[in-house]
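Single-letter residue listing:
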Amino acid sequence: MDERVLIRNVKVVSPGTETTVRDVLMAGGRWSFPVQAPEGVRVVDGTGKILLPGLYDMHAHLREPGREDSETITTACEAALAGGFTGLTAMPDTVPAVDNGGMVHSLREIASRTGRIPIEVAGCITRGRLGQELAEIGEMQSRGAVMITDDPDPVANPQVLRRALQYARGLDVLVATTCDVREISGAGAMHDGPVSYRLGLPGLHPCAEEIGIARDIRLAQSCGSRIHIRGISTARSVETIRRYKSEGVAVTAEAFPHHLLFTDEAVGDYDTLYKVKPPLRPESDRLALLQAVRDGVIDILATDHTPHTWFEKTRDFGSAPFGMTGLATALPAIHHHLISSGLLSWEILAERFCAAPRRLLGLDVPVIAEGSAVNAVLFDPAAATTFTEEALKSRSQNSPFLNQTLRGSAVLVLLGGEIMVDRC
Ligand SMILES: [Zn+2]
């Protein structure tokens, strides 16, 4: 397909270049900035809209193979495109887990056949994600795995993680850890504080995350390895990362949009749609996290898209699984709650959600420049999106935005010479 689209008078936000308002032409799968409109092209009015590179989610649970009742690669790609994402990294906590080269190979092959956008594959750190023996790290890398992670579980045994970090350093594989000292978090269901006491729910104490983060980064420092920390949710976690960064440790950090948007008060009357791990925290943590996204201590935003069937997610609060979907909603939700009120800029969003994750994984970073390949989303802040089941696109509906309306919509998603989403 070779569509030709001229977007007139649009605000172009592209990492590394100054934001400008201009006319932009997609033709032959490449960008150009024509002085005059060519004949016979489709013209889209970009006035008031933002054109930014396609988003990249380096943390999505796609559930295929094994749990296709909650998501498939096909449905996850549709949810991603609806939310302006043009690339994903699939987490390896499938059934069976992606812990060997053969699984990486076959999942990549399935994804290239059934997904509408490029999907990278992450492998496990440990065999079966059991935290005991190392997975086939070299073999997975040679078959195309872009990183290793046991998410949503931590590597409980520090000596096992140490060996993984040493091994990964030699191969230059990215190790991404989820930090949670299970002896502390135990059977906790939400943030440990006044709201959990009022609801009578077991708490997840912030020490479980904070001690885990300090431990994992210290191990990486001692091994001389790089490390990526997932799901930062507290102010103290931010300060630990800030300190190690200032010491020159190669640590990168990732936060999820829901921790920037909600606090533990959102759990309200035992609403399981807000049951996530790490849990939603108090306002002081939310504000510290937002500041860290602005100042770069948090390098990357990722959705932690975690689909669950309605049956699973509507159990009682204590036994419902952790996690919410996020692919279709992340961009409009961040716009609605943060960008439209000036709390976050488009430039920072494009860096944290488009450029930084691709750079970290060694993927091409799309830009909107004369002659560069087309990979972009046109966002209309004036359009509203109501997140019906249909609009969420995912096979699962466990989103706190279900049946809510948010300001803003990804009205065009363009990849190569193709229009992937067209709501103009
Ligand atoms: Zn996750």
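Calculation rules
Residues numbered from 1 in each chain as written. Predicted model: local features only at pLDDT ≥ 70, side-chain atom pairs only at ≥ 80, totals over all residues. Heavy atoms only, no water. Helix = DSSP H or I, 4+ residues; strand = E, 2+ residues; numbered from the N terminus. Buried < 20%, exposed > 50% of the residue type's maximum accessible area, 1.4 Å probe, protein only. Contact = heavy atoms within 4.5 Å. Lys, Arg positive; Asp, Glu negative; His and termini not counted. Charge placed at Lys NZ, Arg CZ, Asp CG, Glu CD. Axes fitted to C-alpha atoms, helices over the stretch in contact; angles between N-to-C directions. Parallel < 35°, antiparallel > 145°, perpendicular 65-115°, else oblique. Pairing = 2+ DSSP bridges. Donors = N, O, S within 2.8 Å, 3.2 Å for Na, K, Ca; no water. Tetrahedral: all angles 85-135°; square planar, octahedral: opposite > 155°, others 65-115°. Salt bridge = Lys/Arg side-chain N within 4 Å of Asp/Glu carboxyl O. Phe/Tyr/Trp six-rings, centres within 6.5 Å; stacked < 30°, edge-to-face > 60°. Core = buried A, V, L, I, M, F, W, Y, C linked by side-chain atoms within 4.5 Å. Domains from an automatic or database assignment. Buried area = accessible area lost by both parts, 1.4 Å probe.

A. Up close: the overall build of the chain. A tally of helices and strands in the chain yields 14 helices and 18 strands. Expressed as a percentage of the 424 residues in the chain, the buried residues total 60%. Within the chain, contacts between residues separated by at least 24 positions form 75% of all contacts whose residues are at least 6 apart in sequence. Of the side-chain charges in the chain, 42 are positive and 52 negative, and the distance between the mean point of each set is 2 Å.

B. Seen up close, the packing of helix α8 (residues 235–246) against helix α10 (residues 283–295). It is at 8 Å that the axes of α8 and α10 come closest, and there the two elements cross at 30°. Taken together, the axis directions place α8 and α10 in an arrangement best described as roughly parallel. Counting all contacts with α8, which are made through A235, V238 and R242, the residues of α10 involved are D285, A288, L289, A292 and D295.

C. Inspection of the sheet that holds strand β15 (residues 300–301) at higher detail. With respect to topology, eight strands assemble into an open sheet ordered β6-β7-β8-β9-β10-β13-β14-β15, the strand pairing being parallel. Two strands in the sheet have a free side with no partner beyond their single neighbour: β6 (55–60) and β15. Bridge count for strand β7 (residues 85–90) against strand β8 (residues 119–123) is three bridges, and the pairing is parallel. Paired with A90 across the two strands is V121, which belongs to β8. Helix α4 (residues 158–171) contacts β10 (174–178) and β13 (227–230) of the sheet and is inclined by roughly 155° relative to β10.

D. Seen up close, the side chain of T309. With respect to the helices and strands, T309 occurs in the loop between β15 and α11 (310–313). Residues contacting T309, with those up to four places away along its chain left out, are R67, D69, S70 and S396.

E. Inspection of the coordination of the zinc ion at higher detail. Around the zinc ion, the protein contributes the donor atoms H59 (NE2), H61 (NE2), D151 (OD) and D304 (OD), at 2.1 Å from the metal centre. Geometry at the zinc ion is irregular, judged from the four donor atoms that bind it and their angles of 84 to 171° at the metal. Along the chain, the residues donating to the zinc ion are arranged with the sequence spacing H-x1-H-x89-D-x152-D. Taken as a pair, H61 in the loop between β6 and α1 (73–82) and D304 in the loop between β15 and α11 lie far apart in primary sequence, 243 residues in all. Exposure class is identical for H61 and D304. Each is buried.

F. Representation of the pattern of salt bridges in the model. As enumerated under the stated definition, the model contains 24 salt bridges in all. A salt bridge links R127 to E133, with the nearest nitrogen and oxygen atoms 3.6 Å apart. Across the pair R359 and E351 runs a salt bridge whose closest N-O atoms are separated by 3.0 Å. Taken together, the salt bridges that share partners define one network made up of R129, D153, D180, R182 and K277.

G. Representation of the packing of aromatic side chains in the model. A complete count under the given rule lists four aromatic pairs for this structure. Relative to F353, the ring of F85 lies with its centre 5.3 Å away and its plane at 80°, an arrangement referred to as edge-to-face. Placement of the pair is F85 in strand β7 and F353 in helix α13 (residues 346–361), with a sequence separation of 268 residues. Per residue, the accessibility class of F85 equals that of F353, and both read buried. With a centroid separation of 5.1 Å and 90° between ring planes, the pair formed by F262 and Y274 is classed as edge-to-face. Placement of the pair is F262 in the loop between α9 (257–261) and α10 and Y274 in the loop between α9 and α10, with a sequence separation of 12 residues. An aromatic cluster of at least three residues, connected via ring pairs, comprises F262, Y274 and F401.

H. Structural detail: the nonpolar core. Core analysis: the largest hydrophobic core is formed by 105 residues, its most contacted members being L52, I232, I298 and W346. Here this core takes seven residues from α1, the largest share from any one element. Shared between two domains, this core holds at least three residues of each, these being domain 1 (5–50 + 370–422) and domain 2 (55–361). With near-sequence residues (within four places) excluded, L52 lies in contact with V13, W346, L349, A350, C354, I368, A376 and V377. Ranked by size, the runner-up nonpolar core spans 18 residues in total, among them I7, V24, W31 and F33.

I. Looking closely at the domain arrangement of the chain. Once the domains are mapped, the chain shows domain 1 (5–50 + 370–422) and domain 2 (55–361). Contact residues are listed per partner, giving 31 residues for domain 1 and 46 residues for domain 2. Carbon and sulfur atoms supply 66% of the area that domain 1 and domain 2 bury against each other, a total of about 3100 Å² over both sides. Contact with domain 2 buries area across many residues of domain 1, yet R395, N398 and R407 alone supply 21% of it, more than any other trio.

J. Layout of helix α12 (residues 330–339). Judged by how many residues are buried, α12 sits mostly within the fold: nine of 10 residues are covered. Among the residues making up α12, those that are buried are A330, L331, P332, A333, I334, H335, H336, L338 and I339.

K. The environment of T325, seen in detail. Looking at the element boundaries, T325 is found in the loop between α11 and α12. When its relative accessible area of 6% is taken as the criterion, T325 is described as buried. The spatial distance from the C-alpha of T325 to the C-alpha of P400 is 8.5 Å, given a sequence separation of 75 residues.

L. View of the environment of Y244. Tracing the backbone shows Y244 in helix α8. Counting along the chain gives 160 residues from Y244 to Q404, while the straight-line C-alpha distance between them is 40 Å. Setting aside chain neighbours within four positions, we find Y244 in contact with A214, I217, R218, Q221, V249 and V251.

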